[in-house]
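Observations on the model geometry
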Amino acid sequence: MNQKLKSELTQQLIIEKSFKLFYKNGFSKTSIPEIMQETGLSKGAFYHHFKNKNELGEKVISDIVSKRIYNNMIAPLNNYRNENVIGLLCRVFTERIQNFSIEEKEFGCPANNLINEIGCSDSTFRKILRQLINDWKAMLIEVLEYGKLKKEIRKNVNSSSVAIYLISGFEGVRGIRKVFDNDEILLEYLESMKSHISQLA
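Described below are features of the structure shown in this document. All figures in this text were calculated on a predicted structure; none of them were measured in a lab. (Residues numbered from 1 in each chain as written. Predicted model: local features only at pLDDT ≥ 70, side-chain atom pairs only at ≥ 80, totals over all residues. Heavy atoms only, no water.)

**Section: the nonpolar core**
Counting 62 residues, the largest nonpolar core has L56, F93, W136 and L140 as the members making the most contacts within it. Among the elements that line this core, the one with the most residues is helix 8 (residues 123-149), at 10 residues. Excluding residues within four positions of it along the chain, F93 makes contact with M73, W136, L140, L166, F170, Y189, L190 and M193. (Core = buried A, V, L, I, M, F, W, Y, C linked by side-chain atoms within 4.5 Å. Buried < 20%, exposed > 50% of the residue type's maximum accessible area, 1.4 Å probe, protein only. Helix = DSSP H or I, 4+ residues; strand = E, 2+ residues; numbered from the N terminus. Contact = heavy atoms within 4.5 Å.)

Rendered as structure tokens:
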């Protein structure tokens, strides 16, 4: 294995192990020694790839957290030109919740956890996390506006308001699920979410 590939794989290992620790224990409570213990690498290996934990946190958000939201919540909306918009929105949010792993139910949303923990305390994190939410919001607005053109969504619907409502509700119920440790909370959210989306027609 050449040195460049080995270096890339080492960096990726650190990022992946860090994501799991941040997700389970929180960013602030996770130390560099804990990360390196999980990877089986030396502390020197960490500082070869990252200046500090904040730089690592930025990579975790861009390489893993952002991709999770893109793959699960943004990319599935890209087919809006070929589907009924109401049905598509209901399906994307429903399928995501129904496919939550035990870990995702227990620990909630990685992005939301980071927003609540460090989103306001670090300007770099805030910028990255804000962009992530803005990308998601922009995709929802695009879908809703196309729905208006197809006359599947009422013209007087404020697409921006609906987008942030859907994101906030989805992220919020994931936090509430952690507190109650009960899937009934998710089912109640789905019922309310479907009702709200249907009223957009």
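Next, the rest of the story.
**A short note on the side chain of E104**
Relative to the assigned elements, E104 resides in helix 6 (residues 102-107). E104 sits in the buried class, given a relative accessible area of 9%. A distance of 2.8 Å separates a polar side-chain atom of E104 from the backbone nitrogen of S101. Setting aside chain neighbours within four positions, we find E104 in contact with Y23, R68, R96, N99 and R174. (Polar contact = N/O pair within 3.5 Å; in protein donor to acceptor, adjacent residues only side chain to side chain.)

**Some thoughts on the packing of aromatic side chains**
Working definition: an aromatic ring pair is given by the centre-to-centre distance plus the angle between the planes. Applying the stated rule across the entire model yields 10 aromatic pairs. Relative to Y23, the ring of F19 lies with its centre 5.6 Å away and its plane at 25°, an arrangement referred to as stacked. Within this pair, F19 and its partner Y23 are both found in helix 1 (residues 3-25), separated by four residues, close to a single helical turn. Exposure remark for F19: the relative accessible area of 10% places this residue in the buried category. The class of Y23 is buried, set by a relative accessible area of 6%. Taken together, the ring pairs connect F93, F100, W136 and F170 into an aromatic cluster. (Phe/Tyr/Trp six-rings, centres within 6.5 Å; stacked < 30°, edge-to-face > 60°.)

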